[in-house]
Amino acid sequence: MIVSPSVLSLDYSDTRAQIEALNHSGAQWMHFDVMDGHFVPNLTFGPDILKAFSKISPLYKDVHIMVSDPDFISDIFLKAGADLITFHEEAVKDETKIKAIAKKIHAAGRKAGLSIKPGTPVETLRPYLNDFDLFLIMSVEPGFGGQKFMPSSLEKISTLKKWLKEAGSNALVEVDGGVNGETGKLCAEAGADVLVAGSYVFKHDIKEAVQSLCQLQ
Ligand code: DX5
Ligand code: ZN
């Protein structure tokens, strides 16, 4: 299992130590939640924080942009060093535009992800199975860490995995929101390839929490 701790839940009064602990936790990725206060009712960090984290962490930068203008914001985070940029279908809706953003991210030599909120049907992703490297199933309403996992996400994961197999796509399925030891196990059983966890990791022993998710198959 790929584990991508969300730095939204980092203790920012002890940033360097927390990132150091993350570097030695066994996590392969770092999940970086960008929020614009418009697409979601919260505001988080900009490109300079990602640049700074890249200086002190070799982890793969999994950047999740919850913004109303992902075409504009993705340019900013491509320049800031994102390895993977995932944006929301609900912010664009137009199939041609969605595929154009993926193409632009790929042209920059990075990976592209597409995400849907809990209220968006998984069928929405059907036209994109071979255009993206990753699909992010939100198991909470985007905007805040520490929310409760929504079990309705599990069927979306298994359905999407089935479609990807049928389409011959190697895209990964990532799950984000309320993931802990128990819900992470359910996600793994449903076929998830990447687990995002914020509060479960940073509100407990970082290494222990990450290891408990890494060993899930
Ligand atoms: C929510 C973010 C998630 C969040 C996960 O909008 O996209 O990545 O940080 O936090 P937990 O794991 O605490 O639900
Ligand atoms: Zn996220």
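Preceding this section is the structure that the text describes.
Focus on the overall build of the chain
Piece 1. Counting secondary structure elements, the chain contains eight helices and eight strands.
Piece 2. For the chain, whose C-alpha radius of gyration is 16 Å, the value lies close to the compact-globule estimate of 17 Å for 217 residues.
Piece 3. Counting only C-alpha atoms, the chain reaches 45 × 35 × 30 Å along its principal axes.
Piece 4. The buried share of the chain, reckoned over its 217 residues, is 54%.
Piece 5. Pairs at least 24 apart in sequence give 67% of the contacts found in the chain among residues at least 6 apart.
Piece 6. Accessible surface, the chain: about 9300 Å² in total, of which carbon and sulfur atoms supply 54%.

Some details on the layout of surface pockets
Piece 1. The volume enclosed by the largest pocket comes to roughly 290 Å³.
Piece 2. Contributions of two or more residues to the lining of the largest pocket are made by β2 (29-35), β8 (194-197) and α7 (199-202).
Piece 3. Grouping the amino acids of the lining of the largest pocket by side-chain chemistry returns eleven nonpolar, twelve polar and three charged.

Describing the packing of aromatic side chains
Piece 1. Tallied over the full model, the rule gives eight aromatic pairs.
Piece 2. Between Trp29 and Tyr60, the aromatic rings sit 4.7 Å apart at their centres with planes inclined by 35 degrees, giving tilted as the arrangement. You can see Trp29 sitting in strand β2 and its partner Tyr60 sitting in strand β3 (residues 60-66), a full 31 residues away along the chain.
Piece 3. Taking the relative accessible area as the measure of exposure, Trp29 reaches 9% and is therefore buried.

With respect to the coordination of the zinc ion (ligand 2)
Piece 1. Ligation of the zinc ion (ligand 2) by protein atoms is provided by His31 (NE2), Asp33 (OD), His64 (ND1) and Asp176 (OD), these donors lying 2.1 to 2.3 Å from the ion.
Piece 2. With six donor atoms in place around the zinc ion (ligand 2) and angles of 73 to 176 degrees between them, the coordination shape is octahedral.
Piece 3. Sequence spacing among the residues donating to the zinc ion (ligand 2) works out to H-x1-D-x30-H-x111-D. Of the two residues, Asp33 sits in strand β2 while His64 sits in strand β3, which places them 31 residues apart along the sequence. Both residues of the pair, Asp33 and His64, count as buried.

Focus on the site of ligand 1
Piece 1. Contacts to ligand 1 come from 20 residues, most closely from Asp33, Gly143, Asp176, Gly198 and Ser199.
Piece 2. A distance of 2.6 Å separates an oxygen atom of ligand 1 from a polar atom in the side chain of Asp176.
Piece 3. Take Gly178: an N or O atom from its main chain is 2.8 Å from an oxygen atom of ligand 1.
Piece 4. For ligand 1, the accessible surface in isolation is 390 Å², of which the surrounding protein chains cover 100%.
Piece 5. Spatially, ligand 1 is embedded in the largest pocket.
Piece 6. Looking at the shell around ligand 1, the elements with two or more residues in it are β2, β3 and β8.
Piece 7. Examining the composition of the shell around ligand 1, we find that three residues originate from one element, β2, more than from any other.
Piece 8. Of the residues contributing to the shell around ligand 1, the split by class is eight nonpolar, ten polar and two charged.

So, the nonpolar core
Piece 1. With 64 residues, the main nonpolar core has Val7, Phe77 and Leu160 as its most contacted residues.
Piece 2. For Phe77, the contacting residues outside a window of four places in its chain are Phe32, Val34, Phe45, Gly46, Pro47, Leu50, Val63, Ile65, Ala82 and Ile85.
Piece 3. Core analysis: the second largest hydrophobic core is formed by seven residues, Trp29, Leu136, Met138 and Val140 among them.

Rules and cut-offs
- Residues numbered from 1 in each chain as written.
- Chains lettered and ligands numbered in written order.
- Predicted model: local features only at pLDDT ≥ 70, side-chain atom pairs only at ≥ 80, totals over all residues.
- Heavy atoms only, no water.
- Helix = DSSP H or I, 4+ residues; strand = E, 2+ residues; numbered from the N terminus.
- Rg over C-alpha atoms; globule rule 2.2 N^0.38 Å.
- Buried < 20%, exposed > 50% of the residue type's maximum accessible area, 1.4 Å probe, protein only.
- Contact = heavy atoms within 4.5 Å.
- Areas by Shrake-Rupley, 256 points an atom, 1.4 Å probe, with all protein chains shown as cover.
- 1 Å grid on protein atoms, 1.4 Å probe; cavity = no way out; pocket = protein on both sides within 12 Å on 5 of 7 lines; lining within 4 Å.
- Points joined across faces, edges and corners; volume = space filled by probe spheres on them.
- Nonpolar A, V, L, I, M, F, W, Y, C, P; charged D, E, K, R; others polar.
- Phe/Tyr/Trp six-rings, centres within 6.5 Å; stacked < 30°, edge-to-face > 60°.
- Donors = N, O, S within 2.8 Å, 3.2 Å for Na, K, Ca; no water.
- Tetrahedral: all angles 85-135°; square planar, octahedral: opposite > 155°, others 65-115°.
- Near = heavy atom within 4 Å.
- Polar contact = N/O pair within 3.5 Å; in protein donor to acceptor, adjacent residues only side chain to side chain.
- Sits in = over half its atoms within 2 Å of the grid points.
- Core = buried A, V, L, I, M, F, W, Y, C linked by side-chain atoms within 4.5 Å.

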